[in-house]
Structure formats: structure tokens, C-alpha cells
Amino acid sequence: MRDNSLLSHSRGGSEMLKRLHAMPVDTGLYGRKTDPLAQKIFVNERSFAFPLSCANYRAQVRQCQANQMRIDFARWLARRLNVKQEECEDFSADELIRSAMLLLYVGAKTLEMPSKTEFIKLVETLRKKSFKAKPSSLDAFLKDAPEAFVEMTRQSMQEFIESALPKLKSAEKSPDEILHAEAQGSFFVRDKPEEDVVAYDKLVAKEWVRITKGNADDPAVLATIFLCVATDHPAKASALLKEAKSIITAFRTNGFDSKAVLAFIDEHAPFEQREDLKAMWLEDLQPDAEIHLADNDPQMPDSHMDRALKYFRQNCVGNWKSSSR
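Description of the structure in this document. On a predicted model such as this, the values are computed, not experimentally measured, just so you know. (Residues numbered from 1 in each chain as written. Predicted model: local features only at pLDDT ≥ 70, side-chain atom pairs only at ≥ 80, totals over all residues. Heavy atoms only, no water.)

Take the overall build of the protein chain next. A count of helical and extended segments in the protein chain gives 15 helices and zero strands. Looking at the protein chain as a whole, 42% of its 325 residues are labelled buried. Looking at the protein chain alone, contacts between residues at least 24 apart form 68% of all its contacts between residues at least 6 apart. (Helix = DSSP H or I, 4+ residues; strand = E, 2+ residues; numbered from the N terminus. Buried < 20%, exposed > 50% of the residue type's maximum accessible area, 1.4 Å probe, protein only. Contact = heavy atoms within 4.5 Å.)

In C-alpha cells, the structure reads:
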């Protein structure tokens, strides 16, 4: 047993390895199907190239069984909290369990898995000085639950209180950052297409909504704001003619302050949008504007800014008549 493979000691060793291959090696909630070719390769490798000892086989079986139990528990929670199986295929059991514990700890009136907006509201509730946990919510939820899942729920709640709760209550990170920054999210949230994106942004980035006037998906609005910030002007979603001329003059004198734009994005924009907004500035708007707003071509002088103002109106929000200078 010490020196030889599992197959050398068991006529049914091949079937045992096939059953091991079919068991979950992680707690992902995606659908699993047996691939005959992959199964054959697995059996061959564990029989010859990387033979399993009996002790290692049993250890792997125990781990896979634990994974399966956690998956079953998460799916039970999902059913209790009105989540369809296809909604959680891209998440792990741990993420779904953690969101369920948040919901039960807060004692939400509606026991349904949260969307992004609802997640933000749950965390904001946690952070209120007046907040008090409601253990009765957990007791009511576990009434008539299978005994094994009752034990797992109480254990998961204790883990949530010890590890996740301090991070959620800390002001070090915004709820938006917690939701999106940690390995693509340590919590399960439902995708609700009908949810108003602006409503979400109002919760996580109030100043961003105010500055963009709710038009953060308009490239012209973003371009106007970024050019203002890059030339040390107040961030505005639109510009008057005199403001556009001042922006162009400032650029021609001192260039763009790109670091100011990146800092502005980090300070005000919703977390999940920041990298795309930075790429927009660094890879698109900044290099393009540096060409079209400049007056360094002696063959095409632009002392009256006609060419630069035309570019500004085409790419930004300019509040003046096209014939004005």
C-alpha cells in the first residue's frame, strides 16, 4: 500500500477514480458534465504518471465531498431566497452564502438575494450607528429547515460575523469598492436589467451624478469634464464659448494635467467604471485633443481658435451658436 498505486490493490480502482473525477474540485455553482476523454486521461494519470496512494485518494474524496456539501447548501439558500440556478452560475458557493448571511444578519424585510443597488443599501444600513442585528430573522428563516443546513447556516453566520462583517462596517472602503474590488466580488448580487443605472450611481457616487448631470454615459459630457479638469478649470458637463476658449488657451500654455484627470476619476467615479474611464482619457481623448487643440502648425495657424473650437463642439458639449467666435 505504501509503494504501489491504488489500482494495484483494487480491482475496482478504475471505477473509484472515475467517481473521484466526477466530484467537484471547487465550490463553483456552474453546471458540471462528465467529459469521457477528460475522465480517461484523469484515470490514466492517477494510475501511472501520478499514482494516488490510498491515503491521498481518501483525502481528495473528503475534500470533494465537502465541496459538494457546500454547493448543495448554497443552492438550498438560493431556492429559499428566490434565486434561479442560471442566475448564480458565474459565482461560487462561498459568494452566495456570504450574501445570504448579510441579508439574514441585517434582517431585511424581503428575504430575497440583493441586486447591486440593494447590496449598497444593506451595507449602508449596517454602518448606521442605530443599527442592531436581528437574531430572530435567522431563527425564523431556519424554521423547518433540514438539520444539516441549520448547522451549516449557523456556522456560516459565525464566519460572516468574524471575517466579513468588520470589512463591511469599516469606512476604509465604500460599499461600491467592497462589491467590485475583491477578486471580482466576494458577494453574490443579482443582475436586474430593469434597475436604473443612475439610481445605482446616486448611491455610490453622488458627486459624480451631480457633475455629469446624470449623463455619465454620454462621451461628449465626459470629454467636457475631463478637458476642464486637465486644464485646471471647474469640472462642468458643458462649456460656454468663453470657457472653451479658456480651456484651449490653458492647454496651449501648460498642456494637460493628466494626473489631475486620473485623480478626479478615482475620487468621484463609480468604482467599476474607473478603469474604462481612465482608458478613455489616456488612450483616446488626451492624444486626440492634444493634436486638435494645439496651435503648433505654421502651415495652418489657428490664432482665432477656429479649428480648436470646431473640434471642441464636435467632441464636447459647447453651449454657443456655431457661428460665434
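Moving on, we get to the packing of aromatic side chains. Evaluation of the coordinates by the stated rule reveals 13 aromatic pairs. Judged by centre distance (5.7 Å) and plane angle (40°), the rings of Phe73 and Phe149 are tilted. Separated by 76 residues along the polypeptide, Phe73 in helix α3 (residues 54-80) and Phe149 in helix α7 (residues 147-169) bring together distant segments of the chain. Each member of the pair, Phe73 as well as Phe149, is classed as buried. Seen in terms of ring centroids, Phe256 and Trp281 are 5.5 Å apart; in terms of plane orientation they differ by 65°. Their pairing is edge-to-face. Placement of the pair is Phe256 in the loop between α12 (241-254) and α13 (258-268) and Trp281 in helix α14 (residues 274-292), with a sequence separation of 25 residues. Trp281 matches Phe256 in its accessibility class, with the two residues each being buried. An aromatic cluster is present here, built from Phe73, Trp76, Phe141 and Phe149 joined pairwise through their rings. Here Arg80 stacks its cationic end above the ring of Phe141, 4.2 Å away from the centre of that ring. The ring of Tyr200 carries the charged tip of Lys116 above its face, separated from the ring centre by 4.5 Å. (Phe/Tyr/Trp six-rings, centres within 6.5 Å; stacked < 30°, edge-to-face > 60°. Lys NZ or Arg CZ within 6 Å of the ring centre and 35° of its normal.)

Turning our attention to the environment of Leu29. In this structure, Leu29 sits in the loop between α1 (13-22) and α2 (36-49). Note on Leu29: relative accessible area 1%, which makes it buried. C-alpha of Leu29 to C-alpha of Glu87: the two residues are 58 residues apart in sequence and 9.7 Å apart in space. Apart from residues no more than four positions distant in its own chain, Leu29 is found in contact with Ile71, Ala74, Arg75, Cys88, Glu89, Phe91, Ser92, Ala93 and Leu96.

The N-to-C vectors of α14 and helix α15 (residues 306-315) enclose an angle of 150°; their axes lie 9 Å apart at closest approach. Viewed along their axes, α14 and α15 adopt a mutual orientation that is roughly antiparallel. The residues of α15 that touch α14, namely those facing Leu285, Asp288, Ala289, Ile291 and His292, are Arg307, Ala308 and Tyr311. For the contact of α14 with α15, the per-class residue count stands at five nonpolar, one polar and two charged. (Axes fitted to C-alpha atoms, helices over the stretch in contact; angles between N-to-C directions. Parallel < 35°, antiparallel > 145°, perpendicular 65-115°, else oblique. Nonpolar A, V, L, I, M, F, W, Y, C, P; charged D, E, K, R; others polar.)

On to the environment of Val221. Along the polypeptide, Val221 turns up in helix α11 (residues 219-230). In the structure, Val221 is positioned 17 residues away from Ser238 in sequence and 6.7 Å away in space, judged by C-alpha atoms.

One non-glycine residue, Asp144, adopts positive backbone phi at about 70°. Inspection of the secondary structure puts Asp144 in the loop between α6 (135-141) and α7. Given a relative accessible area of 74%, Asp144 falls into the exposed group. The residue Lys213 is not glycine, and still its phi comes out positive at about 55°. Along the polypeptide, Lys213 turns up in the loop between α10 (206-212) and α11. Using a relative accessible area of 60% as the deciding quantity, one classes Lys213 as exposed.

One pass over the structure, following the stated rule, counts 14 salt bridges. Between Arg70 and Asp94 there is a salt bridge, with its nearest N and O atoms 2.5 Å apart. With a gap of 24 residues between them, Arg70 in helix α3 and Asp94 in helix α4 (residues 93-106) connect regions that are remote in the sequence. The class of Asp94 is partly exposed, set by a relative accessible area of 27%. The shortest N-O distance in the salt bridge between Arg274 and Glu177 comes to 3.5 Å. (Salt bridge = Lys/Arg side-chain N within 4 Å of Asp/Glu carboxyl O.)

Another aspect to go through is the environment of Ala308. Along the polypeptide, Ala308 turns up in helix α15. Taking the C-alpha atoms as reference points, Ala308 and His292, 16 residues apart in sequence, are found 5.9 Å from one another. Every residue in contact with Ala308, bar those within four places of it in the chain, is listed here: Ile248, Arg252, His292, Leu293 and Asp302.

As a further point, take helix α9 (residues 197-204). Among the residues of α9, Tyr200, Asp201 and Leu203 are the ones counted as buried. Relative to the axis of α9, the buried residues are bounded by an arc of 155° and lie together on one face. (Arc of directions from axis to C-beta.)

This paragraph deals with the side chain of Lys278. For Lys278, the position within the fold is in helix α14. Lys278 gets classed as buried once you look at its relative accessible area, which sits at 16%. Filtering out sequence-adjacent residues up to four positions away, Lys278 remains in contact with Leu262, Ile265 and Asp266.

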